[in-house]
Amino acid sequence: MFAVEMRKLLRRPRTWVTLVLLAGLPAIVAIFLKVTEVGPRPGEGPPFLSAVLNNGALLPAAALALVLPIFLPVAVAVVAGDSIAGEAQQGTLRYLLVRPVSRTKLLWVKLSVVAIFIVMAVVFVAGTSYLLGMQLFGVHPVPSVSGPVLPADDAGLRIVLTVSYVAWSMLGVAAVALFLSTFTDSPLAAALGALAVLIASQVLDVLDAAASIRPYLPTRYWLAFVDLFREPIFWRNIQRGVALQAVYVAVLLAAAWANFASKDVTS
Amino acid sequence: MTSVIRTEGLTKRYAGGVLAVDGLNLDVPQGERYGFLGPNGSGKTTTVRMLLGLVYPSAGRVELLGHPMPRAAKHALPRVGALVEGPAFVPHLSGRVNLSLIDQAGPGGGRRTRKTRVDGVLEQVGLDAIGARPVKAYSLGMRQRLGLAAALLRAPELLVLDEPTNGLDPAGIREVRDLLTALNEQGTTVFLSSHLLAEVEALCTSAAIVHRGRLVEQARVDDLLVPTGRLRVTTPQTQLACDVVAATGTAHVLEVDGSVLIVQLDGLAASDLNARLVQGGVAVDELVVERPTLEDVFLDRTGESVHSVEADAEADVLEVGRVRG
């Protein structure tokens, strides 16, 4: 069953278009930087971008920071929102279930495929921007956000940690979209619903009056991956981010399963 | 005889309070071609969905191939092929790839024999020449055939088909009917849900009639279509014929319409009356034992026309439009 869903994901033109678009934005930004050599002043604009002009090795981190607020969540919400609702709208859900594929298994497989898509997307963005950064700006020893230069093999490890952290954050988005996907027969509604949740979270995050709930907002620790480039690594927010996403994923998946396993499939 | 489908008091009340199916007791014996007949909106599709474990009953029980549904779905469903409310496929993939994905999704059926199976069912439904075109380029009839092909993939013991000839041209309908008859003769039980009386009459050996979610009749088609005891006699000599009929003492003429006499036999054999007519010098053009159609049976049992649910018929048209789009 997993192989079936992977075949569907990989054979879908949308998957590849999404990946290209995701990698496209950081590439455009990098090319502008190279041509004009006008970088944002340090401390302004997206994280790492000011440092990229001097060091292409930081472009993967800058690229992830660029796509993280909107692009990446949109892509993940579309794919995850499609998982059950898309099958329902297409009418293929009933045929999968009478094949039979158990509802629990179908949900797991869909989640796994979305997780794989997330990893593909994040790795693709990081990989293409690493190659591009190397070409445009050259690779030098990476200075940490805190000042001292990071050892070379250490920098690679930190990029891997960043990729994993961003992917894990996106799994939270996927869980919201998958949960909504079991309630509606419209993949669009599921994807937009998930985005609405994220936008609400981002709005509340900058609102001082909502400070009491801030630590529980799903988007709160997304950009904490910047802390991976401090020397030494500042783990506190990273740990909180990982734990918070884990709770969101667990609760939403349980709710998605409870709904999907007990619902009448009338699509 | 063993039952492949048995329901007891099957009831479905949807969340909105709509009572779609109300205390249905069905019994489909093995080896039958069973017609499940009712107008649009009579609860046919909800019943089919409950048989297959897609919709959960509010009350009552379903047994499919001896297994309780939906609890033992994983034991029963691999032996069942289904077509529910129109076929559905991934639109940008070809029919062949779609079938291969469906085949791969279910239990049983190894990878090495997959191509053989897919080619086999495509040939069975007459789609072996479709090539690599994506399903979105198919006509409604071709999709219907592909849906049937998907249902046949595991050589199922039971076929549950909801309106299988929808969208097919007359030649296609005939082919599907021949295919289903052939499969049935090889031992497959066919459960065919339809609002088309003629289709059920032409194909089925047993039939159930549902109306507003309730079972109004369940019997062998031969028993439903017993002669009415009336005879239609066509002759140019109507007056003479009337006299002969009157002289029998038992039979009598109900109606004369042009050159056609409707005769109530009242126990007299048709052959007997024929002999007397000829002996009495009446030239007979045609002599027909009147049998009811399923439509007559339906009207008689429900007091309503099959085509009475206009709103639902419109909904069907919309459904077709959506599938095409």
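Residues numbered from 1 in each chain as written. Chains lettered and ligands numbered in written order. Predicted model: local features only at pLDDT ≥ 70, side-chain atom pairs only at ≥ 80, totals over all residues.

> Pulling in residues and values, what's your account of the overall build of chain A?
What chain A contains, in helices and strands, is ten helices and zero strands. When the helices and strands of chain A are listed from N to C terminus, the series reads α-α-α-α-α-α-α-α-α-α. Projecting the C-alpha coordinates of chain A onto the three principal axes gives extents of approximately 60 × 45 × 30 Å. Counting only residues that meet the buried cut, chain A has 45% of its 267 residues in that class. (Helix = DSSP H or I, 4+ residues; strand = E, 2+ residues; numbered from the N terminus. Buried ≥ 20, exposed ≤ 12 C-beta atoms within 10 Å, placed from the backbone.)

> Explain the nonpolar core to me, using residue names and the numbers behind them.
Ranked by internal contacts, the top residues of the largest apolar core, which has 162 residues, are A:Ala174, A:Ala177, A:Ala194 and B:Phe191. It is helix α8 (residues 152-181) of chain A that provides the largest number of residues to this core, a total of 16 residues. If we ignore the near neighbours within four places in the chain, the residues touching A:Ala194 are A:Ala77, A:Gly81, A:Val173, A:Val176, A:Ala177 and A:Leu180. Of all hydrophobic cores here, the second largest spans twelve residues; its members include B:Ala241, B:Val244, B:Val263 and B:Leu265. (Core = buried A, V, L, I, M, F, W, Y, C linked by C-beta atoms within 7 Å. Contact = placed C-beta atoms within 7 Å.)

> Lay out the interface of chain A and chain B with the relevant residues and their values.
Of the residues lining the interface, 21 residues belong to chain A; the matching set on chain B comes to 21 residues. Contributing elements (two or more residues each) for the side of chain A that touches chain B: α1 (2-10) and α6 (92-97) of chain A. Looking at side-chain class alone, the side of chain A that touches chain B contains ten nonpolar, five polar and six charged residues. (Nonpolar A, V, L, I, M, F, W, Y, C, P; charged D, E, K, R; others polar.)

> Describe the sheet that holds strand β4 (residues 33-37) of chain B, listing the residues and the values that go with them.
Residues and elements named next belong to chain B. Spatially, β7-β8-β9-β4-β10-β11 is the arrangement adopted by the six strands of the open sheet, whose pairing is mixed. The sheet is open, and its two edges are formed by β7 (80-83) and β11 (214-220), each paired on a single side. On average, each strand axis in the sheet is inclined to that of its neighbour by 15 degrees, with strand direction left out of account. The pairing of β4 with strand β9 (residues 189-194) spans five bridges and is classified as parallel. Its bridge partner being in β9, Gly35 is matched across the sheet by Leu192. Against the sheet, helix α1 (residues 44-51) engages β4, β8 (158-162), β9 and β10 (206-211), with an angle of about 150 degrees to β8. (Pairing = 2+ DSSP bridges. Axes fitted to C-alpha atoms, helices over the stretch in contact; angles between N-to-C directions.)

> Pulling in residues and values, what's your account of the pairing of β8(B)?
All names here are of chain B. The buried count for β8 comes to five of five residues, which makes it a mostly enclosed element. Burial along β8 is two-sided: the residues Leu158, Val160 and Asp162 and Leu159 and Leu161 are all buried. Relative to β8, β7 is paired through four bridges, and the arrangement is parallel. Within β8, the residue paired with Leu83 across the bridge is Leu161. Pairing between β8 and β9: five bridges, direction parallel. Paired with Asp162 across the strands is Ser193, a residue of β9. Of the crossover connections in this fold, the one passing from β8 over helix α6 (residues 170-185) to the parallel β9 is right-handed. (Right-handed = clockwise from strand over helix to strand, strands pointing away.)

> I'd like a description of helix α10 (residues 236-262) of chain A, backed by residues and values.
Taking 1.5 Å per residue, 27 residues should reach 39 Å; α10(A) reaches 40 Å between its end C-alpha atoms and fits that length. Three or more residues of α10(A) are buried, namely A:Ile238, A:Gly241, A:Gln245, A:Tyr248, A:Val249, A:Ala256 and A:Phe260. (Expected span 1.5 Å × (residues − 1).)

> A description of the sheet that holds strand β14 (residues 260-264) of chain B should follow, citing residues and the corresponding values.
Pairing between sheet strands relies on hydrogen bonds along the backbone, with the strands arranged either parallel or antiparallel. Residues and elements named next belong to chain B. If you walk across this open sheet you meet the four strands as β13-β14-β12-β15, and the pairing is antiparallel. Bordering the open sheet on either side are β13 (252-257) and β15 (286-289), each of which pairs with just one other strand. Each neighbouring strand pair of the sheet contributes to a mean axis angle of 20 degrees, computed without reference to strand direction. Relative to β13, helix α9 (residues 238-248) is tilted by about 165 degrees, and along the sheet it contacts β12 (230-234), β13 and β14.

> Can you break down unusual backbone geometry residue by residue, with the values?
In the segment running from A:Arg99 into A:Pro100, the intervening peptide bond is cis, with an omega of 0 degrees. Inspection of the secondary structure puts A:Pro100 in the loop between α6 and α7 (103-137). For the peptide bond that leads from B:Met69 to B:Pro70, omega is 0 degrees, which places it in the cis range. Within the secondary structure, B:Pro70 sits in the loop between β6 (67-69) and α2 (73-76). Backbone geometry at A:Glu37 places phi at a positive 55 degrees, although glycine is not the residue there. In this fold, A:Glu37 is placed in the loop between α2 (13-36) and α3 (49-52). Using a count of 8 C-beta atoms within 10 Å as the deciding quantity, one classes A:Glu37 as exposed. The phi torsion at B:Leu65 lies on the positive side, around 50 degrees, for a residue other than glycine. Relative to the assigned elements, B:Leu65 resides in the loop between β5 (59-64) and β6.

> Provide a residue-level description of the environment of B:Arg13, including the pertinent values.
Within the secondary structure, B:Arg13 is located in strand β1 (residues 3-13). Expressed as a C-alpha distance, the spacing of B:Arg13 and B:Ala59, which sit 46 residues apart in the sequence, is 8.7 Å.

> I'd love a proper account of helix α11 (residues 294-302) of chain B, names of residues and values included.
Residues and elements named next belong to chain B. Among all positions of α11, only Leu294, Val297, Phe298 and Thr302 are buried. One side of α11 carries all its buried residues, which in axial view fall inside an arc of 105 degrees. Check the buried side of α11 and you find it contacts β4, α7 (197-203), β10, β11 and α8 (221-224). In the stretch just after α11, Gly303 is the one whose phi turns positive, near 70 degrees. (Arc of directions from axis to C-beta.)

> Give me the packing of α1(A) against α7(A): which residues, what numbers.
A pair of packed helices can be characterised by two numbers: the angle between their axes and the separation between those axes. Residue and element names in this part refer to chain A. Where α1 meets α7, the axes come as close as 9 Å, and the angle between the chain directions of the two elements is 45 degrees. As far as their axial angle goes, α7 and α1 are oblique. Read as a crossing pair, α1 and α7 show a hand that is right-handed. Of the residues in α7, those in contact with Phe2, Glu5, Met6 and Leu9 of α1 are Val109, Lys110, Ser112, Val113 and Phe117. Among the residues forming the contact of α1 with α7, the class breakdown is six nonpolar, one polar and two charged. (Parallel < 35°, antiparallel > 145°, perpendicular 65-115°, else oblique. Left-handed = near helix turned anticlockwise from the far one by under 90°.)

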